[in-house]
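Spelled out from the first residue to the last, the chains are:
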Amino acid sequence: MTVTDTAHAVHPERGTLAKAADENFPVAPFFLPRDWRTDLMAVYGFARLVDDIGDGDLAPGGADARLLGVPDEHADDRLQMLDAFEEDLRRVFDGSDGSDGPPRHPLLRRLAPTVRRRSLTPAPFLGLIAANRQDQLVARYETYDDLLAYCELSANPVGHLVLAVTGTATPERIRRSDAICTALQIVEHLQDVAEDLGRDRIYLPAEDMKRFHVQETDLAAPTANASVRALVAYEAGRARDLLNEGAPLVGSVHGRLRLLLAGFVAGGRAALRAIAAADHDVLPGPPRSGKIQLLREAGVALRGEG
């Protein structure tokens, strides 16, 4: 058991929130107003925990299952855990009359004031749960459009929540945000090809694998062959185009929110540069960018360059 797992077993809320430091993009950086940081971390805690449930990455010991009222013998049943998590989420939105009590999980109790303060709706949260249910049932995606439809559930709701928390949502900003969030999801899939395959999941569209003559066995190799590298480069190009499509979102807002959104775009672009620097060989492990590259990309995004 790692130190993080031990901390999570003792304090599930703290252990989950600590994972924010490992994300490709800043979650709630210091320069934001304190109330924004509080609310963004509450949203992050929900999103991180639902992904950990769906990926089977909860800390050992079953603390999260017990908090959600799931019997120990079903703690590894991801669909049952997701159902219990959704039921607890509904307490956030329906529990104001006290009929079913407050949420059971501390991360959802943390979320409840944010929901009230920002007038958040259930839809983005339910979308994230639906994405993780889909992960239990769908392990391959035939087309790029199929993958985009998955990203509408797994990634785009996060951007909707950021705009809602900061009070800046408009139809055009949501459209730009969707492009950025989908791009970040694709980048994460590219970084995690080997890890996802270990979970029997492939997020590279089957039609693209066929086009580049890539077999599933090629993805299980220690290093990528030329066909896999060409496929990863192709998908990285799609992600880069989406980031460029969404980047004008940065210039549409002002102040510290502009810095935050520039960080999202920069995180995606820096990760793509790291993938390219690895010659698109993502199989040994996720290529990671350094802080200097991230800062450079943030400057580019703030200047409105692509």
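Look above for the structure.
Predicted model, so just to flag it, every value in this text is computed and none were measured.

Caption draft 1: Structural detail: the overall build of the protein chain. Helix and strand counts for the protein chain stand at 17 helices and 0 strands. Compactness check: the protein chain gives a C-alpha radius of gyration of 19 Å against a globular reference of 19 Å for 306 residues, within 12% of the reference. Expressed as lengths along the three principal axes of its C-alpha atoms, the size of the protein chain is roughly 60 × 50 × 35 Å. Taken over 306 residues, the protein chain has a buried fraction of 49%. A fraction of 69% describes how many contacts in the protein chain between residues 6 or more apart in sequence connect residues 24 or more apart. When the accessible area of the protein chain is evaluated, it comes to approximately 14,000 Å², of which 53% is carbon and sulfur surface. Looking at charge distribution, the protein chain has the averaged site of its 35 positive side-chain charges lying 8 Å from that of its 45 negative ones.

Caption draft 2: Quick peek at helix α16 (residues 255-277). With 23 residues, α16 should cover 33 Å at 1.5 Å per step; its first-to-last C-alpha distance of 33 Å lies within 8% of that length. Looking one or two places after α16, you find D279, whose phi comes out positive at around 55°.

Caption draft 3: Spatial organisation of the packing of helix α10 (residues 171-191) against helix α14 (residues 226-246). For the pair α10 and α14, interaxial distance at closest approach is 7 Å and the crossing angle is 155°. If you check the angle between α10 and α14, you find them roughly antiparallel. The two elements α10 and α14 meet at a crossing, and its hand is left-handed. Every residue of α14 that contacts α10 at R175, R176, A179, I180, T182, A183, I186, V187 and L190 is listed here: V232, E235, A236, A239, L242, L243, E245 and G246. Of the residues in the contact of α10 with α14, the class split is 11 nonpolar, 2 polar and 4 charged.

Cut-offs applied
- Residues numbered from 1 in each chain as written.
- Predicted model: local features only at pLDDT ≥ 70, side-chain atom pairs only at ≥ 80, totals over all residues.
- Heavy atoms only, no water.
- Helix = DSSP H or I, 4+ residues; strand = E, 2+ residues; numbered from the N terminus.
- Rg over C-alpha atoms; globule rule 2.2 N^0.38 Å.
- Buried < 20%, exposed > 50% of the residue type's maximum accessible area, 1.4 Å probe, protein only.
- Contact = heavy atoms within 4.5 Å.
- Areas by Shrake-Rupley, 256 points an atom, 1.4 Å probe, with all protein chains shown as cover.
- Lys, Arg positive; Asp, Glu negative; His and termini not counted.
- Charge placed at Lys NZ, Arg CZ, Asp CG, Glu CD.
- Expected span 1.5 Å × (residues − 1).
- Axes fitted to C-alpha atoms, helices over the stretch in contact; angles between N-to-C directions.
- Parallel < 35°, antiparallel > 145°, perpendicular 65-115°, else oblique.
- Left-handed = near helix turned anticlockwise from the far one by under 90°.
- Nonpolar A, V, L, I, M, F, W, Y, C, P; charged D, E, K, R; others polar.

Geometric descriptors of this kind do not, in isolation, establish any biological role.
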